[in-house]
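One letter stands for each residue in the lines below.
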Amino acid sequence: MASKVTGLEVKYTDDDISTTPVPGATVEVRDVTDADPVTGAGAIRLDDIVADGSGVIPTTTLAGVAVGRLLRFTWKRESDGRSGTALRTTVAV
């Protein structure tokens, strides 16, 4: 069983509403398909992914993750607390 997620840009929103790419950011990945939508209880932690030098996570194959699962990607910059999140649904390889 394997699936993939389409690529995403890892960015922070700046004070002026512009966005800044985050090269090399470590991105936490959780399967939130069956998690409580309010508390997040039941989310399954998957392996972290690191954004490339342009702040992009390319389309990625995920071994052991079924097609149709909802994944939440989150990242945070420790220096100022800025964070970002994205949701993606896994698709067939």
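Above: the structure in question.
Residues numbered from 1 in each chain as written. Predicted model: local features only at pLDDT ≥ 70, side-chain atom pairs only at ≥ 80, totals over all residues. Heavy atoms only, no water.

Draft legend 1. Representation of the overall build of the chain within the structure. The helix and strand inventory of the chain stands at zero helices and eleven strands. Going residue by residue from the N terminus, the α and β elements of the chain occur as β-β-β-β-β-β-β-β-β-β-β. For 93 residues, the compact-globule estimate of 2.2 N^0.38 gives 12 Å, and the chain sits close to it at 14 Å. Each principal axis of the C-alpha atoms in the chain carries an extent, and together these give about 40 × 30 × 20 Å. The proportion of buried residues among the 93 residues of the chain is 28%. (Helix = DSSP H or I, 4+ residues; strand = E, 2+ residues; numbered from the N terminus. Rg over C-alpha atoms; globule rule 2.2 N^0.38 Å. Buried < 20%, exposed > 50% of the residue type's maximum accessible area, 1.4 Å probe, protein only.)

Draft legend 2. Inspection of the side chain of Thr60 at higher detail. Looking at the element boundaries, Thr60 is found in strand 9 (residues 60-63). A polar contact is formed between the side chain of Thr60 and the backbone oxygen of Pro58, at a distance of 2.6 Å. Contacts of Thr60, omitting those with residues within four sequence positions, involve Ser3, Lys4, Val5 and Ile49. (Polar contact = N/O pair within 3.5 Å; in protein donor to acceptor, adjacent residues only side chain to side chain. Contact = heavy atoms within 4.5 Å.)

Draft legend 3. The arrangement of the side chain of Arg69 in detail. Mapping Arg69 onto the fold places it in the loop between strand 9 and strand 10 (70-76). Within the local environment of Arg69, its side chain forms a polar contact with the side chain of Thr33, the two groups lying 3.5 Å apart. Ignoring anything within four residues of it in the chain, the contact list for Arg69 reads Asp31, Thr33, Asp34, Arg88, Thr89 and Thr90.

Draft legend 4. A look at the pattern of salt bridges. Considering all chains together, one arrives at seven salt bridges under this definition. Across the salt bridge formed by Asp48 and Arg45, the nearest N and O atoms sit 2.8 Å from each other. What makes Asp48 partly exposed here is its relative accessible area of 38%. (Salt bridge = Lys/Arg side-chain N within 4 Å of Asp/Glu carboxyl O.)

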